[in-house]
Structures are given as structure tokens and as C-alpha cells.
Amino acid sequence: MRVVMKFGGTSVGSAERLAGVAEIVRAQVKRGNQVIVVLSAMSGVTNTLLAALKESANGNIAKLLQTRDELLKKHLDVINALVRDETARQNLTTTTTDALDRFEDLCSSIYVLGEITPRATDAVGSLGERLLVPIATQAFNDAGLRAQWVAANELIMTDDNFVAASPFMDETRVQARAKLLPILENGSVAVTTGFIGATKKGILTTLGRGGSDYTATIIGAALDADEVQIWTDVNGVMTTDPRIVPEALTLSEISYGEAAELSYFGAKVIHPKTILPVAEKNTPIRILNSFEPTHPGTLIVRDPKSNGSTIRGITAIRNVALVTVEGRGMQGVPGIAARTFSAVAREKINVLMISQSSSEQNICLLVELASAPRAVQVLQAEFRGEMAAQNIEHVWVQDQIAIIAVVGSAMKKTPGVAARVFGALANDNINIIAIAQGSSEYNLSLVVNESEADNAVRAIHRSIVKK
Ligand code: ADP
Ligand code: ASP
Ligand code: MG
């Protein structure tokens, strides 16, 4: 079998955790499997790098120097704890120091320029993975595994949509096979960086925050892997975020569609694009816990076994805003909805959810918080005439809200789910600002005040998830 194993930030967060990863990988190798390991940056490192970049642009150079020292220490600690070979230790110490010197140079130029480009964000943001992979590979070798690393910018070719790049799968397939198959055929474990790609010209890109999960399935598809394993810090995909609801349950099997919907609506456990490369090939994905490696976790497949529950999970998305187009004169006027959506689509604003009241006096769009001011601007321009005639009275934004989504494919066959959800919220006095049900009926989404989001998730979970 050929298996891709991706380990997230907390799974590689310290020397001790990395030693645990080596054991998990060894167990796969012992079964006679070919193994490709995809590693994230150590936990917190990507955030720290991007924060230092931002501070540099704001003129705070002290923060940059502090970050450089902090990251150097963090990685040298791992080298000193896990790398026994003296020459390897010296080499890694030098390459790590050099990489952080380049980080300092890059941030210093941002400090001078006072402006951050998406390209610079990727050059800096990808450093955590690039620092860790050579160290981890040497640690694996010192633990008795044969391992060799390749940086993913040599494997994954992407477009130049920096900060959220998409792979070109045909080119990636050629590159990844050429670089990785010889390592596997040689009986070694191949190790690579998550999160990273490069344009055709070789400029570094990233796949978006949390993108190492996506790296794993891109590589899995390119190498025709038999399975992709995502090792994280919880027992698989759960009925909701266990940080909000500690009694959340593991979903033992879910479909690609359900996994996509749960992640799209905020279940951070996998990146929303993770299933794209493998769903068509029907490659199974397992979500597993590196802190509890014997737990079976979640299997994501095309046709999951039913567990008798209509609801798969409850999620919350924050940092969104509700944009409302409102006016008594809108009633019965055809084309307002179409013009609303075309106007925001032209601006490439992503609409997460829509809802229209039955009285037709308003249309609401849920958009990411950062794009809300632009959405209002384009809608005011689009409806200038209607606003002058007072057929449309306002276009306005409500922020500090959250979308709560209740996801499950069996919902479409089961009446009464909505009633139970609304009942649960009413019982806890939580006000619902807007409601929408997607045509897929995979999910029921509603909008509440952000301050009530956690309570809404808890109330719905309590009332509809069966033990
Ligand atoms: P990694 O560093 O391994 O990529 P992440 O922090 O990105 O891990 O994702 C794992 C986290 O996702 C968990 O610690 C958990 O708090 C959160 N999470 C949110 N929703 C869910 C869910 N439905 N099931 C499991 N975990 C979830
Ligand atoms: N290190 C990257 C991030 O924090 C990618 C990942 O962890 O998946 O976003
Ligand atoms: Mg993640």
C-alpha cells in the first residue's frame, strides 16, 4: 500500500511530539507500506511569522528581532534533542540560522517599504514548514527510519494566486512522481513540506491557512496513493468542535460531501479543499489523533455506513458580516435578487449564504467580514436609481455575527430537523437573525450574534446529537 501521512502543527509541536511521529510512521513502514510524510510548521510558528511580518510593515523592528531569536531557539532545541549525528547537527544549525537570517532580511525590507504584498506573505508564511522538514527528516533517520526530504515547491505547481494558490494537477503529477517515486522505490520514507507550492516560474506560493491537509491529498492524488491520513490533535471529525462542546462525538464514517460541507462551514479539522483532489478517485481519507494513535478516528469515503443519525455535525463560522438590501419598494420587482448577486460576483466577493424574507422586503448576503465594505459599495452603486426613488431604502452591514450550520446528507429525507434546531435555540433564548437552507439540503444554516455562537452550538448539539 502507498500511504500519505500528514501531521499538523500540534503533532510536530516539540521534540517529544516529533519523536512520537517517528513511531507512528515506523508502524506504517513495518507493515510494508510506502510512506510519504507531509509536515506542517510547529504549532504557532506560522502565526508568529506572519505577526512579525505585519509588525515590520508597521515599523516595529524590535518584534522582528525577538521573533527571529524565539524561532531559532525553538528549532535548535529540536535539533539538539533529536539529532545525534554531529555533522548533521552542525549542518542543520547552520541552515536553520541562515534561513532565519533571510527571514530577517525580508522583513527588514518590508519595514523599509511599509507595505506587505501577498507574494511576500507567502515567502515569509511558508518558512515554518521549510525550517522543520529538514530537521524532522534527520530526526527520523536518527530514529532508525530511512527518510529523505523534498520541498513541496518542487512538487506542487500552482497558479500565482498568492495566499490561496490552486494546484495545476497535471504538472504536479509529473513533478511529484519524478521526485518522490525514486525515494519510495529505494525503500525510504519521503518527507515534504505542507502548505507550499510554486508557480511555473518557481516563485513560492501557499495554499491558504491550514493548507497542509490539502497538500496531503494533492500528493496523494498525484502518486495514486491508496490512503491519505491526516494526523491531528483530536479523535477525527467530531459532531462539533470539542473545544466548544467537550462531549462531542467522533463520526466514524462520513462522505466526501459531508466532510466538504463541514469544513467549508468552519470545522477547522480539515481544510475546505482537502477532499477535492481525491474524491473523484475514491481514495479514502482517515482523520487520526497523534495523541491517541490507536483510536480509529474518522474515515471519509464516497458511501459511508449510516450511523442512524440524520445530523453529522454542527459548525460555526466567525468573521462574517450580513449585508442587507432593504426597501418596501422591492416587493414584486423582478430582477433585484439577480442584480444583487451579479454585482457582488463581478467584484469576486464570495457569498457564503443568502436569505430572502418571504415578504420580499429584503435580501441578505453573508460575506467574509473583510469584503463587507466593498459589497456595500458595489450594491449602493448598482441600486443608485432605486435608492433615489426610495424603492430601496438601505444597503447596510451587520457585523459581530456568526453562521451556525447543521450538516448531514440524510437531513433531506427527514422532516422536522429545522423545528428541533429552532426549538433548541428558543429554549436558550438565542435570537436567530437569518435562516437559509442550501438547495443541496446538506445543511441548514442560521445567523446569530457572535457572542451567542458558542451557546447556539451547545444548545443544538445537546438537543439533536444522540449519544
Ligand atoms: P492541525 O494543526 O493538526 O492541522 P487544526 O488546529 O488545524 O489541527 O485542526 C484541529 C482542530 O480543529 C481541533 O483541535 C478542534 O478544536 C478543531 N475542530 C473544529 N471543528 C471540529 C470538528 N467538527 N471535529 C474535530 N475538530 C474540530
Ligand atoms: N502552517 C500552516 C498554517 O498554520 C499550514 C497548516 O498548518 O496546515 O496555516
Ligand atoms: Mg489544520
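A. Layout of the pattern of salt bridges. A full pass over the atoms with the stated rule returns 21 salt bridges. Notably, a salt bridge pairs D213 with K6, separated by 2.6 Å at the nearest N-O pair. With D213 in helix α8 (residues 212-222) and K6 in strand β1 (residues 2-7), this residue pair connects regions lying 207 residues apart in the sequence. Assigned by exposure class, D213 and K6 land together as buried. A salt bridge links K73 to D77; its shortest N-O distance comes to 2.8 Å. Here the residue K73 and the residue D77 both occupy positions in helix α3 (residues 61-82), the gap between them amounting to four residues, near one helical turn.

B. View of the packing of aromatic side chains. One pass over the structure, following the stated rule, counts two aromatic pairs. Ring centres of F7 and W231 lie 5.9 Å apart, and the angle between their planes is 15°; on these two criteria the pair is classed as stacked. With F7 in strand β1 and W231 in strand β7 (residues 227-232), this pair connects stretches of sequence that are 224 residues apart. For F7, a relative accessible area of 0% puts it in the buried group. For W231, a relative accessible area of 5% puts it in the buried group. Centre to centre, the rings of Y264 and F265 are 5.1 Å apart; their planes meet at 85°, and the pair counts as edge-to-face. Given a relative accessible area of 6%, F265 falls into the buried group. The residue whose ring lies beneath R17 is F291, and the NZ or CZ to ring-centre distance is 3.5 Å.

C. The site of ligand 2, seen in detail. Close to ligand 2 lie S40, T46, E129, F195, R209, G210, G211 and S212. Residue G210 places a main-chain N or O atom 2.8 Å away from an oxygen atom belonging to ligand 2. S212 places a main-chain nitrogen or oxygen 3.0 Å from an oxygen atom of ligand 2. Relative to its unbound accessible area of 260 Å², ligand 2 is 86% covered by the protein chains. A per-class count over the shell around ligand 2 returns one nonpolar, five polar and two charged.

D. Seen up close, the pairing of strand β16 (residues 443-449). Of all seven residues that make up β16, six are buried, and the element is covered over most of its length. One ladder, built from seven bridges, connects strand β14 (residues 394-407) with β16; its direction is antiparallel. Looking at β16, one finds that V407 is bridged to N443.

E. Structural view of the site of ligand 1. Taken together, the neighbourhood of ligand 1 is formed by 16 residues, with T232, D233, M238, D241 and R243 sitting nearest. Within the contact set of ligand 1, an oxygen atom lies 2.9 Å away from a side-chain nitrogen or oxygen of D233. Note that an oxygen atom of ligand 1 is positioned 2.8 Å from one of the side-chain N or O atoms of D241. For ligand 1, whose unbound accessible area comes to 580 Å², protein coverage reaches 90%. Residue composition of the shell around ligand 1, by class: six nonpolar, five polar and five charged.

F. Broad picture of unusual backbone geometry. Despite not being glycine, N319 shows a phi value in the positive range, around 55°. Assignment of secondary structure puts N319 in strand β11 (residues 313-326). Note on N319: relative accessible area 53%, which makes it exposed. Positive phi, normally seen in glycine, also occurs at Q390, with a value near 60°.

G. How the structure looks around the nonpolar core. In terms of nonpolar packing, the biggest core is built from 53 residues, with L180 and L366 touching the most fellow members. Sorting elements by how many residues they give to this core places α8 first, with six residues. Residues in contact with L366, not counting those within four places in the same chain, are V320, A321, L322, N350, V351, L352, M353, I401, I403 and V447. One finds L127, L131, V189 and V191 within the second-largest nonpolar core, a separate group that totals 51 residues.

H. Examining the environment of M353 more closely. Positionally, M353 belongs in strand β12 (residues 351-356). In this structure M353 comes out as buried when scored by relative accessible area, which is 5%. Measuring from C-alpha to C-alpha, the distance between M353 and D122 comes to 29 Å, with 231 residues separating the pair along the chain. Discounting chain neighbours no more than four positions away, the residues touching M353 are C364, L365, L366, I403, A434, I435, A436, S445, L446 and V447.

What counts as what
Residues numbered from 1 in each chain as written. Chains lettered and ligands numbered in written order. Predicted model: local features only at pLDDT ≥ 70, side-chain atom pairs only at ≥ 80, totals over all residues. Heavy atoms only, no water. Salt bridge = Lys/Arg side-chain N within 4 Å of Asp/Glu carboxyl O. Helix = DSSP H or I, 4+ residues; strand = E, 2+ residues; numbered from the N terminus. Buried < 20%, exposed > 50% of the residue type's maximum accessible area, 1.4 Å probe, protein only. Phe/Tyr/Trp six-rings, centres within 6.5 Å; stacked < 30°, edge-to-face > 60°. Lys NZ or Arg CZ within 6 Å of the ring centre and 35° of its normal. Near = heavy atom within 4 Å. Polar contact = N/O pair within 3.5 Å; in protein donor to acceptor, adjacent residues only side chain to side chain. Areas by Shrake-Rupley, 256 points an atom, 1.4 Å probe, with all protein chains shown as cover. Nonpolar A, V, L, I, M, F, W, Y, C, P; charged D, E, K, R; others polar. Pairing = 2+ DSSP bridges. Core = buried A, V, L, I, M, F, W, Y, C linked by side-chain atoms within 4.5 Å. Contact = heavy atoms within 4.5 Å.

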